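Here are the chains, one letter per residue:
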Amino acid sequence: MEFDKPVTGGPCWAELGTSDLAAAKRFYGEVFGWRCDAPDSRPELRGYTVARLGGAAVAGLGPLYRPTQPIAWNVSFAVADADAATHKVVEAGGTVIRGPMDIFDEGRRTVALDPSGAAFQLWQARDFPGAGVFNRPGALGWVELATRDVKRARDFYTSVFGWSVNASEWYTQWGMHGMDFGGVTALHERFPADVPPHWLPYFAVEDVDGTTEVALRAGGKALQEPTSVPDGPRIAVLRDPQGAAFGVYPAGDEDMGSAGVREQDAGREESGPGAG
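Small disclaimer: the values here were computed from a predicted structure and weren't measured. (Residues numbered from 1 in each chain as written. Predicted model: local features only at pLDDT ≥ 70, side-chain atom pairs only at ≥ 80, totals over all residues. Heavy atoms only, no water.)

Caption draft 1: Focus on the pattern of salt bridges. Considering all chains together, one arrives at 7 salt bridges under this definition. The salt bridge involving Asp37 is made with Arg52; its shortest N-O contact spans 2.9 Å. Note that Asp37 is positioned in the loop between strand 2 (35–36) and strand 3 (49–53) and Arg52 in strand 3, a separation of 15 residues in sequence. Using a relative accessible area of 25% as the deciding quantity, one classes Arg52 as partly exposed. One salt bridge connects Arg108 with Asp83, and the closest N-O pair in it is separated by 2.8 Å. Within this pair, whereas Arg108 is found in strand 7 (residues 107–113), its partner Asp83 is found in helix 2 (residues 82–91), the two being separated by 25 residues in sequence. (Salt bridge = Lys/Arg side-chain N within 4 Å of Asp/Glu carboxyl O. Helix = DSSP H or I, 4+ residues; strand = E, 2+ residues; numbered from the N terminus. Buried < 20%, exposed > 50% of the residue type's maximum accessible area, 1.4 Å probe, protein only.)

Caption draft 2: Seen up close, the sheet that holds strand 10 (residues 164–167). Taken together, 8 strands build an open sheet; the order of strands is 10-11-12-9-13-16-15-14 and the sheet is mixed. Edge positions in the sheet fall to strand 10 and strand 14 (221–228), since each of these pairs with one other strand and no more. The average undirected angle you get between the axes of adjacent strands in this sheet is 25°. Helix-sheet contacts for helix 1 (residues 21–32) involve strand 13 (198–205) and strand 16 (245–250), and the interaxial angle to strand 16 is about 10°. Against the sheet, helix 4 (residues 208–217) engages strand 13, strand 14, strand 15 (234–239) and strand 16, with an angle of about 10° to strand 15. (Pairing = 2+ DSSP bridges. Axes fitted to C-alpha atoms, helices over the stretch in contact; angles between N-to-C directions. Contact = heavy atoms within 4.5 Å.)

See below:
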């Protein structure tokens, strides 16, 4: 993405919901060099922890709070007013799962689904703005929506957030204030029918192939082997040992460009974001 701090309307945080927090900490520590804070002692958060690079917050790791919650990475988007943004979600055809709700003094959050069923979060910051760094190795750098209805997704997200749309024959990119931060790709017929619409975070790394090897040694799986996209970056899509999918791309390549071309060439093996 082309900005280096949370921007209203843009992605501000990536958060993992997992069945094994201790294992997730070990895996992502090996893959990205993250160091996790001590688990939050507040009983409502059930051991939620913040992962850091140096002193900067980069991602959240938490338990599964509901029996139906999938093991998956979730993306939060910064908003000035969570209540007003939640109203826009409903008006545009989305569904509210939880919220708006205060998360102590940190901020106010809504968990929602877009019209296709892809989950995302709204975050109105108070004491906690979100990630302290983007685009550096180990930090969030791009977010991508996978959906079976690209046109409806464009209509929904531009209505809710005011995103700009930069569409090519192969790939649609999202932007704010002239800076692109993500894209949307079609879940075409080459994808398994049970892959649901979802948001996929991409983390920047120094070496896509090397990071993939580390992830495999740590017990992960490559859903998309390292691939050099024509006129785009080298990327891979990985899955952690508990089943959460995420992407990696080279740090310094903030414009993912035609990354979505990969979806035209091959469907991922995954059976859903967070399938085990």
